Amino acid sequence: MVGEASMGAALVCCGALAWLLGGRHHGLRRARLLLAGGGAVVTGPPVWEETLAELRRRCGRWGAEWWAFVAGLVLALLGASLIPAVAGAAGVPVLRRMRLARQARRTRERRADAVISLCGALAGEVRAGRQPGEALLRAARDSGGLGDTHAAVVAAARFGGDVAGALTAAARQPGAEGLLGLAACWRVAVDQGAGLAAGLDRLDGALRAERDQRADLQAQLSGARATVLLLAALPALGLLLGSAMGADPLRILLHSGAGFGCLTAGVLFEVAGMWWAVRIVRAAEAV
């Protein structure tokens, strides 16, 4: 049973590789030969380089979470059971959600840094003697702190619109909350004639202090994150250690009543431990 499944998987992999190596580039090579007209045929990169580039593009489009499904298929072939494949497929949406959350956090951090750069650049332009509208246009051009609402803020600054309102709308983006302070400084400077540069300096200092505090917190939470990763990797290390000692952990866990009970209990404890550790980290980040 295991040998037939392994042979089928090998045939499928060989067929996919043959399609990538030959079928995808056969039409392109034939067109080059037909259009050459007897002249020199200009060839591109080698086939294997194009194939590797295509594989990288497809893997990047699918996302790294699909490796969980691949690992489940491998364990299913080794253990002659569908349980690892089902578990790998169930883990794909969970890992995708984690990846998207991580990307959203990085985007939020980059936008917060861009807002700080915008405040610093705007303060420098105002201090150099430029009018607030022109200074905002130059500062917005050099930084990406306005995000998707860049055009609305620039139009308001260029044509005398409600710049403070446009900045308030831009502050609704995740990570751009500092634009609320910029909108307040702009409103006070326009309505009451207060110095815009001084307010921007104070806002820039406050945003930088908040960023430094957040960076210190992330550094202090690195140990808790390492604990979460260790909890996630312990089962795989246990399987490898059991196999190295000459045991057959997959057969015991998947094809015996006691082993399946231990597997179920271990999965429950693993999920509970990771959930508790992630909850601790998130609670610390929210403080």
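If you're wondering where the values come from, they're calculated on a predicted model, not measured in any experiment. (Residues numbered from 1 in each chain as written. Predicted model: local features only at pLDDT ≥ 70, side-chain atom pairs only at ≥ 80, totals over all residues. Heavy atoms only, no water.)

## Some points on the packing of helix α9 (residues 196-220) against helix α10 (residues 222-244)
Packed helix pairs are characterised by how far apart their axes lie and by the angle those axes make with each other. The cut-off we apply is this: Note on definitions: angles span 0 to 180 degrees between N-to-C directions of axes, and those axes are lines fitted to C-alpha atoms, for helices only across the stretch in contact. Helix numbering and strand numbering both begin at the N terminus, where a helix is a DSSP run of H or I of at least 4 residues and a strand a DSSP run of E of at least 2. Just so you know how the angles are binned, under 35 degrees is roughly parallel, over 145 roughly antiparallel, 65 to 115 roughly perpendicular, and the rest oblique. By definition in these notes, contact holds between two residues if any of their heavy atoms fall within 4.5 Å. Here the nonpolar group is Ala, Val, Leu, Ile, Met, Phe, Trp, Tyr, Cys and Pro; Asp, Glu, Lys and Arg are the charged ones; every other residue, Gly included, is treated as polar.
Between α9 and α10, the shortest axis-to-axis distance is 4 Å and the interhelical angle comes to 40°. Taken together, the axes of α9 and α10 are oblique relative to one another. Counted together, Gln 218, Ala 219 and Gln 220 of α9 and Ser 222, Gly 223 and Arg 225 of α10 form the full contact between these two elements. Each residue belonging to the contact of α9 with α10 can be placed in one class, and the counts come to one nonpolar, four polar and one charged.

## Structural notes on the packing of aromatic side chains
The test is simple: For Phe, Tyr and Trp, rings pair up if their centres lie within 6.5 Å, where Trp contributes its six-membered ring, and each pair is then called stacked (planes under 30 degrees apart), edge-to-face (over 60) or tilted (otherwise).
This model, assessed by the stated rule, comprises two aromatic pairs. Relative to Phe 69, the ring of Trp 66 has its centre 6.3 Å away and its plane inclined at 85°; by these criteria the two rings are edge-to-face. Of this pair, Trp 66 and Phe 69 both sit in helix α3 (residues 66-79), separated by three residues, roughly a single helical turn. Measuring from centroid to centroid gives 6.1 Å for Trp 275 and Trp 276, while their planes differ by 50°, and the two rings are tilted.

## A few points about α9
As a reminder of what qualifies: Every helix has an expected span of 1.5 Å times one less than the residues it contains. Each residue gets one of three labels from its accessible area relative to the maximum for its type: buried under 20%, exposed over 50%, partly exposed in between, using a 1.4 Å probe on protein chains only.
Along its 25 residues, α9 runs 36 Å from first to last C-alpha, staying within 8% of the 36 Å computed at 1.5 Å per residue. Listing the buried residues of α9 in full gives Leu 196, Ala 197, Gly 199, Leu 200, Leu 203, Asp 204 and Leu 207.

## Considering the nonpolar core
Spelled out, the test is: Residues belong to one nonpolar core when they are buried, are Ala, Val, Leu, Ile, Met, Phe, Trp, Tyr or Cys, and are joined through side-chain atoms within 4.5 Å.
Membership of the largest hydrophobic core comes to 31 residues, with the highest contact counts inside it found for Leu 122, Leu 136, Val 163, Leu 167, Leu 179, Leu 182 and Leu 196. Elements represented by at least two residues in this core include exactly α4 (83-127), α5 (132-142), α6 (150-158), α7 (163-170), α8 (179-192) and α9. For this core, the element with the highest residue contribution is α4, accounting for seven residues. What Leu 196 contacts, discounting residues up to four positions off in sequence, is Val 126, Pro 132, Cys 185, Trp 186 and Ala 189.

## Digging into α5
As a reminder of what qualifies: Along the arc lie the directions from the helix axis toward the C-beta atoms.
Burial in α5 covers these residues: Gly 133, Ala 135, Leu 136, Ala 139 and Ala 140. In a view along the axis of α5, the buried residues occupy a sector of 160°, so they form one face of it. For α5, the exposed residues lying more than 90 degrees away from the buried face are Arg 141 and Asp 142.

## Considerations on the side chain of Ser 81
Heads up, the condition is: Here a polar contact is taken to be a pair of N or O atoms separated by no more than 3.5 Å, where protein atoms must pair a possible hydrogen donor with a possible acceptor and residues adjacent in sequence count only if both atoms sit in side chains.
Inspection of the secondary structure assignment puts Ser 81 in the loop between α3 and α4. You can call Ser 81 buried: its relative accessible area is 13%. From its side chain, Ser 81 meets the backbone nitrogen of Ile 83 in a polar contact 3.3 Å long.

## With respect to the environment of Gln 218
Tracing the backbone shows Gln 218 in helix α9. Classification of Gln 218 by relative accessible area gives partly exposed; the value is 23%. Each C-alpha atom, one on Gln 218 and one on Glu 285, is 7.9 Å from the other, the two residues being 67 residues apart in sequence. In this structure Gln 218 touches Arg 225 and Glu 285, once residues within four positions along its chain are discounted.

## Some details on the packing of α10 against helix α12 (residues 257-286)
For the record, the criterion: Crossings are assigned a handedness: left-handed for a near helix turned anticlockwise from the far helix by less than a right angle, right-handed for a clockwise turn.
Close contact between α10 and α12 brings their axes to 9 Å; oriented N to C, the two are set at 165°. Put simply, α10 runs roughly antiparallel to α12. By crossing handedness, the relation of α10 to α12 is classed as left-handed. The segment α10 lies against α12, with Ala 224, Arg 225, Val 228, Leu 231, Ala 232 and Pro 235 engaging Glu 270, Gly 273, Met 274, Ala 277, Val 278, Val 281 and Glu 285. Across the contact of α10 with α12, the residue classes break down as nine nonpolar, one polar and three charged.

## Here's the deal with the confidence of the model for the protein chain
What counts, and what does not: The score called pLDDT rates the predictor's confidence residue by residue, from a low of 0 to a high of 100.
With 74% of its residues at a pLDDT of 70 or more, the protein chain shows a mean pLDDT of 75. The weakest mean pLDDT in the protein chain belongs to helix α1 (residues 2-35) at 46; the strongest belongs to α9 at 87. The low-confidence segment residues 16-44 (pLDDT under 50) makes 24 contacts with residues lying over four places distant or belonging to another chain.

## Some points on the pattern of salt bridges
This is how the line gets drawn: Definition used for salt bridges: Asp or Glu carboxyl oxygen within 4 Å of a side-chain nitrogen of Lys or Arg.
All told, the structure shown has seven salt bridges when counted by the stated rule. A salt bridge links Glu 125 to Arg 130, with the nearest nitrogen and oxygen atoms 2.7 Å apart. We classify Glu 125 as buried; its relative accessible area is 18%. Arg 130 gets classed as partly exposed once you look at its relative accessible area, which sits at 30%. Put simply, Arg 127 and Asp 201 hold a salt bridge, and the shortest N to O gap is 2.4 Å. With Arg 127 in helix α4 and Asp 201 in helix α9, this residue pair connects regions lying 74 residues apart in the sequence. Where salt bridges share partners, they join Glu 125, Arg 130, Glu 134 and Arg 138 into one cluster.

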